[in-house]
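Chain and residue survey
Chain by chain, the residues run as shown.
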Amino acid sequence: MQMTISGHHVELTSALKDYTASKLSKVERHFDHITSMQVILSVDKLVQKAEAVIRTSGAKLFAIAESEDLYAAIDALSDKLDRQIVRHKEKHQMH
C-alpha cells in the first residue's frame, strides 16, 4: 500500500507522520486490496482537520474528521475509515 501524507497550513513533523502512518496502517488489516491512501492534515484557525482518500480495487473511499486536537482528529479518521473498509469488504464478499 502506498501512503501519502501531506499538510496544509501545518508543518509535518516526523512524530506526526509516524503517528498517522501507524494509526492508518491498522485499516489495512481489514482489507488487503488497498492500492493507495492519501492523507491531508490541515489547520483552520481553531479547527484541526484530517481527511483521507483510500483507493481499492473497485472503490474510492473518503472520510474527514475535525477536532480541536490534530491527534484526536487522526483517531476519529481512523475509526471512520475502519467502518467504511469493513462495510466495503462485506459488500465485496456478497458479490
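The coordinates are above.
Below you will find a few notes about this structure.

What counts, and at which threshold
Residues numbered from 1 in each chain as written. Predicted model: local features only at pLDDT ≥ 70, side-chain atom pairs only at ≥ 80, totals over all residues. Heavy atoms only, no water. Pairing = 2+ DSSP bridges. Helix = DSSP H or I, 4+ residues; strand = E, 2+ residues; numbered from the N terminus. Axes fitted to C-alpha atoms, helices over the stretch in contact; angles between N-to-C directions. Salt bridge = Lys/Arg side-chain N within 4 Å of Asp/Glu carboxyl O. Buried < 20%, exposed > 50% of the residue type's maximum accessible area, 1.4 Å probe, protein only.

1. Comments concerning the sheet that holds strand E2 (residues 34–44)
The sheet built from four strands is open, its strands ordered E1-E2-E3-E4 with mixed pairing. Of all strands in the sheet, those bounded by a partner on one side alone are strand E1 (2–8) and strand E4 (59–67). Taking the axes of each pair of neighbouring strands and ignoring which way they run, one obtains an average angle of 10° across the sheet. Bridge count between E1 and E2: seven bridges; the pairing is parallel.

2. Things to note about the pattern of salt bridges
All chains considered together, the criterion is met by two salt bridges. Lys23 is the partner of Asp75 in a salt bridge, and the nearest nitrogen-oxygen pair spans 3.5 Å. Taken as a pair, Asp75 in helix H2 (residues 70–94) and Lys23 in helix H1 (residues 14–25) lie far apart in primary sequence, 52 residues in all. Judged by its relative accessible area of 26%, Asp75 is partly exposed. Residue classification places Lys23 among the partly exposed positions, given a relative accessible area of 22%. Residue Lys49 is joined to Asp44 by a salt bridge in which the shortest nitrogen-to-oxygen separation is 3.5 Å. Accessibility expressed as a relative area gives 37% for Asp44, which makes it partly exposed.

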